[in-house]
Amino acid sequence: MDVASHADFVGRIHGYMEKALREAKVNTSWINPIPNTNRLSHFLDAILDRSAGKPFLELFAPFQTRIATAGIFNSLSRHC
């Protein structure tokens, strides 16, 4: 994944996580947002960092590969 694609991916994950947190309505919501979500942003940036010594994505890739096929079939079976 090139630098631009990775930056786009990280931005999409940030957006998804903000949406998931607000829609869960545990500590924040769309009506009552917590404006400062720096801790979540720092966490996401840390685990999605591809620099040396930050191996999360490399360690996660085999797991993702292993469950991707099951996820595809699960998704298709739910729409039948």
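Residues numbered from 1 in each chain as written. Predicted model: local features only at pLDDT ≥ 70, side-chain atom pairs only at ≥ 80, totals over all residues. Heavy atoms only, no water.

**Here we look at helix H1 (residues 3-24)**
Right, so step 1: With 22 residues, H1 should cover 32 Å at 1.5 Å per step; its first-to-last C-alpha distance of 31 Å lies within 8% of that length.
Right, so step 2: Taken from the residues just after H1, lysine 25 is the one with a positive phi, measuring 55°. (Helix = DSSP H or I, 4+ residues; strand = E, 2+ residues; numbered from the N terminus. Expected span 1.5 Å × (residues − 1).)

**Here we look at a nonpolar patch on the surface**
Right, so step 1: A grouping of Phe56, Phe60, Phe63 and Ile67 is seen on the molecular surface, where their side chains present a nonpolar patch of about 330 Å² in accessible area.
Right, so step 2: Look at phenylalanine 63 and you get partly exposed, because its relative accessible area is 37%. (Patch = residues over 30% accessible without salt bridge, like charges linked within 9 Å, V, L, I, M, F, W, Y side chains within 5 Å. Areas by Shrake-Rupley, 256 points an atom, 1.4 Å probe, with all protein chains shown as cover. Salt bridge = Lys/Arg side-chain N within 4 Å of Asp/Glu carboxyl O. Buried < 20%, exposed > 50% of the residue type's maximum accessible area, 1.4 Å probe, protein only.)

**A look at the confidence of the model for the protein chain**
Right, so step 1: Looking at the protein chain as a whole, the pLDDT averages 86, with 95% of positions reaching at least 70.
Right, so step 2: The secondary structure element of the protein chain with the lowest average pLDDT is helix H3 (residues 56-78), at 88, and the one with the highest is H1, at 91. (pLDDT = per-residue confidence, 0-100.)

**A look at the side chain of threonine 28**
Right, so step 1: One can find threonine 28 in the loop between H1 and helix H2 (38-48).
Right, so step 2: Accessibility expressed as a relative area gives 13% for threonine 28, which makes it buried.
Right, so step 3: If we ignore the near neighbours within four places in the chain, the residues touching threonine 28 are Leu21, Arg22, Pro33 and Ile34. (Contact = heavy atoms within 4.5 Å.)

**A few points about the packing of aromatic side chains**
Right, so step 1: Counted under the stated rule, the structure contains 2 aromatic pairs.
Right, so step 2: Relative to phenylalanine 60, the ring of phenylalanine 56 lies with its centre 5.6 Å away and its plane at 15°, an arrangement referred to as stacked. With phenylalanine 56 and phenylalanine 60 both in helix H3, this residue pair falls 4 residues apart, about one helical turn.
Right, so step 3: With relative accessibility at 37%, the residue phenylalanine 56 sits in the partly exposed group. (Phe/Tyr/Trp six-rings, centres within 6.5 Å; stacked < 30°, edge-to-face > 60°.)

**Observations concerning unusual backbone geometry**
Right, so step 1: If you check the backbone angles, lysine 25 has positive phi at about 55° while not being a glycine.
Right, so step 2: Along the polypeptide, lysine 25 turns up in the loop between H1 and H2.
Right, so step 3: Residue class for lysine 25 comes out exposed when judged on its relative accessible area of 62%.

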